[in-house]
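Architecture at a glance
Listed below, chain by chain, are the residues.
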Amino acid sequence: MVYSSTGNGFTVFGLSPETQYTISSFEYNGLSGGKNYRTIGYPYTSFTTQAAEPTAAASDLMFTQVTNSSITVNFTRGNGARRIVTAKLASTNTHTPSDFSVYTANSVFGSGSQIGTTGAYVVYNGTGNYVTVTGLTAQTTYAFSVFEYNGTTTITTNYLISSYLTGAQQTQRLDPNIEATTLNVNAISTNSATANWTSGSGSNRVVAVRAGRLQTALSFDGTNDFVNVPHNAAHVSLPLTV
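The model shown is predicted, which means the values in this text are computed figures rather than measured ones.

Some details on unusual backbone geometry
- The backbone of Gln139 shows a phi angle near 55°, a positive value even though the residue is not glycine.
- Inspection of the secondary structure puts Gln139 in the loop between strand 9 (130-133) and strand 10 (141-150).
- Judged by its relative accessible area of 42%, Gln139 falls in the partly exposed class.
- The phi dihedral of Thr182 falls on the positive side, at around 55°, and the residue is not glycine.
- Residue placement: Thr182 occurs in strand 13 (residues 181-186).

Encoded structure:
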């Protein structure tokens, strides 16, 4: 028994988090030693307390496998049983989730639940420590935040929002879709040659030169194997020094 008086409301303390309880109310007349209780038709109901709030946020945010359309977000877990990761097309992401809310995650940006109408979308909801987010736009900055929480239902969820992990990362540029063509070498002397070509669709390009073999990839073991060429240049003079 937690209450006995003449009122019609009472707050009970000392309950355990994320635990189901049943509460009943019985009418009675009389004093101690002579009470007469009505034990039929009495009201009762069950309720579950909210989960405990985590006390340690996620840490060590790191972005890997960055492409022009995806980013892998890595982190060290806090002490929540679960966590959500949100992503926003912006340089900052300070929008926090609400207690008693369950968010649906989708790693395709813009497809998961949104935190209110803030543009911050849930891209991960689970127990792990990384997520690869896809559906991103090239050469665009996205901000990510990680929130620890306990509980699994709209009755029990409790998010740690006073401390959370956040950071931003830009996607890569688009890959060129047209390669350079018509490569010619002329004006060859004892220690130099001039190369000319028709530029492709890249904003910049590199030229590789090495004695004795045909270059087929940008993977070299020398220190002077390639040079940067301004994107608007159609030719460059290359010393044949290796």
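That covers the picture; the talk isn't over yet.
What to know about the sheet that holds strand 6 (residues 71-76)
- With respect to topology, 3 strands assemble into an open sheet ordered 5-6-9, the strand pairing being antiparallel. Looking at strand neighbours, the two that pair on one side only are strand 5 (59-64) and strand 9, the edges of this open sheet. Strand-to-strand, the axes of this sheet are offset by a mean angle of 15°, without reference to chain direction.
- Looking at chain direction, strand 5 and strand 6 are connected through 4 bridges and run antiparallel. Pairing of Phe63 across the sheet is with Val73, part of strand 6.

Observations regarding the packing of aromatic side chains
- Summed over all chains, the structure comprises 10 aromatic pairs.
- Geometrically, the ring pair formed by Phe109 and Tyr142 is edge-to-face, given 5.2 Å between the ring centres and 75° between the ring planes. Linking Phe109 in the loop between strand 7 (82-88) and strand 8 (121-126) with Tyr142 in strand 10, this pair joins segments that are 33 residues apart in sequence. There is no split in this pair, since Phe109 and Tyr142 are both buried.
- With a centroid separation of 4.7 Å and an interplanar angle of 35°, the aromatic rings of Phe147 and Tyr164 are classed as tilted.

Quick notes on the pairing of strand 13
- Burial analysis of strand 13 places just 0 of its 6 residues in the buried class, which makes it a mostly uncovered element.
- Bridge count for strand 13 against strand 14 (residues 192-198) is 4 bridges, and the pairing is antiparallel. Counterpart to Asn186 in the pairing with strand 14 is Thr194.
- What sits between the antiparallel neighbours strand 13 and strand 14 is a turn of 5 residues, in which Ala187 has the positive phi angle 50°.

What counts and how
- Residues numbered from 1 in each chain as written.
- Predicted model: local features only at pLDDT ≥ 70, side-chain atom pairs only at ≥ 80, totals over all residues.
- Heavy atoms only, no water.
- Helix = DSSP H or I, 4+ residues; strand = E, 2+ residues; numbered from the N terminus.
- Buried < 20%, exposed > 50% of the residue type's maximum accessible area, 1.4 Å probe, protein only.
- Pairing = 2+ DSSP bridges.
- Axes fitted to C-alpha atoms, helices over the stretch in contact; angles between N-to-C directions.
- Phe/Tyr/Trp six-rings, centres within 6.5 Å; stacked < 30°, edge-to-face > 60°.

Keep in mind these numbers describe shape, not what the thing actually does.
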